[in-house]
Amino acid sequence: MSAPVIPGDAANDTRDGTDAAPIGRRLAERRFLYIEVRSWPQILAPSLLGIALLALWEGTVWLRGIPHYILPSPLTIVTTLWRDWGSLAPSLLITLEITYAALASAVATAIVLAMLFTQWGWLEKAFLPYAVVLQVTPIVAIAPLIIIWVNDTNLSLLICAWLVAFFPILSNSILGLRSVDHNLLDLFEIYHASHLQTLVWLKIPAALPSFLAGLRISAGLSLIGAVVAEFVAGTGGTASGLAYRILEASYQINIPRMFASLLLIALFGIANYLLVSWLTQLLLGRWHESAVNRER
Amino acid sequence: MTGPATGNIVGSVTGALAGSGPLVSITHVSKLFANGTLAIQDADITVFPGEFLSILGPSGCGKSTLLRLIAGLGSPSTGTIDWGQRDASGRGRVIGFVFQEPTLMPWATAIANVATPLRLKGANKNEALERARDMLHRVGLGGFVSAYPRELSGGMRMRVSIARALVTEPQILLMDEPFAALDEITRNRLNDDLLALWLRQRFTTVFVTHSVFESVYLSQRIIVMAARPGRTFADLKVGSAHPRDPQFRTSAEYAGLCRTASEALRGAIAA
């Protein structure tokens, strides 16, 4: 239940009611190459598996002589990525911009709506069914309409990505704001706390774990939304994202370039996920059960 | 169903304590919840300044509800809770409340939790932290100022909760079965420490419990409540002088007082 580095009540047994033993200093964690020693297995295991699979892939392609327009070898993909970086990098930047613009607007709108919904229950009753409708309708089905209605391609992509990213944050934030300890709410009432004080000091920190759980889902979904919408839009030009690069390469049967674009999307997705994990650790690390390290 | 029988089994208390006039007078208070439960019926309790009063009763006797009404969380269906001339609006009234659970904010350190009531009143941050630090020292947690609640044991969390309730120097400290979830060793130690704090500072305390032994050990006066519907049944004076130490727990006087209180409680359950 409590961290074992700190003595329990037994250490607090001082009959005069004065100070107990001070908090134990956290054991210095041993590190290798700046990473904690005990974290190395969870880094090495997937890395070694990945290297083994890539070697198998590379070997199979070479031994069987599979042509690169069917399945390019990993080395071919990396060289293509290197060679085409000049044209792929701007596309990556556009996908990145759309993803984060969509995520940021999803966070902003979802937080505001969650606060309004928890403040006034009737608002939630009125609006939530429509939010659910937007959530359950597949984005590929709505995307063509949005692309027709909105002239600016990038704006229409942003709206599509926002649509998929919005709901997880909304529903999780509502859950978080609703699950504030009732006794703490009573305590704030006893101290005549204002609405704003209760919101800032109590409700927002209490909702943070749920909000971050929503953000983790939405960060991935906003990238998926941005890519899917661009596939549907299918519009070319210089200012297009990675999804169009994949379409383009498939028309040209340039399979290595397809894989290179795919690799970029995957790497970006991973970076995105790590960013949210880091943020979660930063905000919850010391107090929330989901984020703290437990020693045994 | 019998009416509220307010019998003075041991003797009248109003003589010694009433000198300065009551702090709170609860008169004919009833509480009917929306679902039709009559939680409290016609309760009468007078709380005198500086006294340690326990409310003892079986579960479901409305003792927690009564405490919440005193705290201003909800209002009685009928009857009055009168704070005398102290203030009419209720905003100036300073109340400390300790729940059955420690009810700490898990994202805040012990000192930040204790400082919260002061900060909510608009106190300067450094001053609030200074007073919180001092209060944590007084409850024996001077070495755990920057620990998070999850890093503390159950007893220590409860100490933080008590420090938070006392940091505002309340007119009245309301405690709702605060030690019910703790083991007996921790509970006894917290009882002693609470009494020591009370002797030093003499804050008025209303302590809700279902433990006869705890109520006798701590209080100067015990209100026994009967259940379904909750009502005041008896008003017992605990004549033994403070300070009380662990030896008091094994004394014949304590045993006798516990027997009297147990009989009153049995009477309340049968009523």
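Every residue gets a number counted from 1 within its own chain, in the order that chain's sequence is written. Whichever chain is written first is A, and whichever ligand is written first is 1; the rest continue in order. Residue-level local features of this predicted model are given only where pLDDT is at least 70; pairs of side-chain atoms are given and counted only at 80 or more, and the full residue set underlies all totals for whole chains, interfaces and linings.

### Section: the sheet that holds strand 4 (residues 78–82) of chain B
Residues and elements named next belong to chain B.
Then, number 1: Pairing is antiparallel in the open sheet, where 3 strands are placed in the order 2-1-4. Of all the strands in the sheet, the pair left with one neighbour each is strand 2 (38–47) and strand 4. Strand-to-strand twist of the sheet, defined as the mean angle between neighbouring strand axes without regard to direction, takes the value 15°.
Then, number 2: Pairing of strand 1 (residues 24–32) with strand 2, which is carried by 6 bridges, proceeds in the antiparallel orientation. Two strands qualify as a pair provided that DSSP identifies no fewer than 2 bridges between them. Here a helix means four or more residues in a row that DSSP labels H or I, a strand means two or more in a row labelled E, and each is numbered from the N terminus. Each axis is a line fitted through C-alpha atoms, and for a helix only the stretch in contact is used; angles between axes span 0 to 180 degrees, taken between their N-to-C directions.

### Here's the deal with the sheet that holds strand 7 (residues 204–209) of chain B
Residue and element names in this part refer to chain B.
Then, number 1: The sheet built from 6 strands is open, its strands ordered 5-6-7-3-8-9 with mixed pairing. On the outer flanks of this sheet lie strand 5 (95–98) and strand 9 (231–237), each paired with one strand and no other. Ignoring strand direction, the axes of neighbouring strands in this sheet form an average angle of 20°.
Then, number 2: As paired elements, strand 5 and strand 6 (residues 172–176) share 4 bridges and run parallel to each other. By the bridge assignment for strand 6, Ile95 is matched with Ile172.

### Examining the nonpolar core
Then, number 1: To define a nonpolar core, we join buried Ala, Val, Leu, Ile, Met, Phe, Trp, Tyr and Cys residues through C-beta atoms within 7 Å and take the resulting set. The burial criterion counts other C-beta atoms lying within 10 Å of a residue's C-beta, which is placed from the backbone; the residue is buried at 20 or more, exposed at 12 or fewer, and partly exposed between these limits. Core analysis: the biggest nonpolar cluster contains 143 residues, and Ala161(A), Val114(B), Leu136(B), Ala163(B) and Val224(B) have the highest contact counts within it.
Then, number 2: An automatic or database domain assignment supplies the residue ranges for each domain. For this core, the two domains that each supply at least three residues are domain 1 (14–93 + 171–270) and domain 2 (106–170) of chain B.
Then, number 3: For Val224(B), the residues in contact, after removing those within four places along its chain, are Leu56(B), Gly57(B), Phe233(B), Ala234(B), Leu236(B), Ala264(B), Leu265(B) and Ala268(B). Residues are treated as contacting if the C-beta atoms built from their backbones sit within 7 Å of each other.

### So, helix 8 (residues 252–270) of chain B
All names here are of chain B.
Then, number 1: When the terminal C-alpha atoms of helix 8 are compared, their 27 Å separation across 19 residues agrees well with the 27 Å that a helix rising 1.5 Å per residue should span.
Then, number 2: What helix 8 keeps buried is the set Leu257, Ala261, Ala264, Leu265 and Ala268. One side of helix 8 carries all its buried residues, which in axial view fall inside an arc of 100°. Exposed side of helix 8, more than 90 degrees from the buried face: Ala252, Gly256, Arg259 and Ala270 are the residues found there.
Then, number 3: If you follow the buried residues of helix 8, they end up packed against strand 3 (52–56), helix 7 (212–218), strand 8 (221–226) and strand 9. Each helix should span, by expectation, one fewer than its residue count multiplied by 1.5 Å. Taking the helix axis as origin, the arc is that swept by the directions to the C-beta atoms.

### Thoughts on the domain arrangement of chain B
All names here are of chain B.
Then, number 1: Split by domain assignment, chain B resolves into domain 1 (14–93 + 171–270) and domain 2 (106–170).
Then, number 2: A C-alpha centroid distance of 25 Å is found between domain 1 and domain 2.
Then, number 3: Domain 1 puts 13 residues into the contact, and the matching count from domain 2 is 10 residues.
Then, number 4: Listed by contribution, the elements that provide at least two residues to the side of domain 1 that touches domain 2 are strand 6 and helix 6 (184–201).
Then, number 5: Of all the elements, helix 6 adds the most residues to the side of domain 1 that touches domain 2, at 5 residues.

### Brief notes about the packing of helix 3 (residues 110–120) of chain B against helix 4 (residues 125–138) of chain B
When two helices pack together, you describe them by how their axes are tilted relative to each other and by the distance separating the axes.
Residue and element names in this part refer to chain B.
Then, number 1: Helix 4 packs onto helix 3 with a crossing angle of 125° between their chain directions and a minimal axis gap of 8 Å. With respect to their mutual orientation, helix 3 and helix 4 come out oblique. Like other packed secondary-structure pairs, helix 3 and helix 4 cross with a definite hand, here right-handed. Residue-level contacts link Ala110, Ile111, Val114, Ala115, Leu118 and Arg119 of helix 3 to Lys125, Ala128, Leu129, Arg131, Ala132, Arg133, Met135 and Leu136 of helix 4. Should an angle lie under 35 degrees it is considered roughly parallel, over 145 roughly antiparallel, and from 65 to 115 roughly perpendicular; all remaining angles are considered oblique. The hand of a helix crossing depends on one turn: near helix anticlockwise from the far one by less than a right angle means left-handed, and clockwise means right-handed.

### A word on the confidence of the model for chain A
Residue and element names in this part refer to chain A.
Then, number 1: Looking at chain A, the pLDDT average stands at 85 and 87% of residues meet or exceed 70.
Then, number 2: Mean pLDDT per element in chain A: strand 1 (residues 31–32) is the minimum at 75, and helix 6 (residues 182–190) is the maximum at 94.
Then, number 3: Throughout residues 1–28 the model reports pLDDT below 50, and contacts reaching past four residues in sequence, or to other chains, amount to 44 contacts. Every residue gets a pLDDT, meaning the predictor's confidence in that residue, from 0 to 100.

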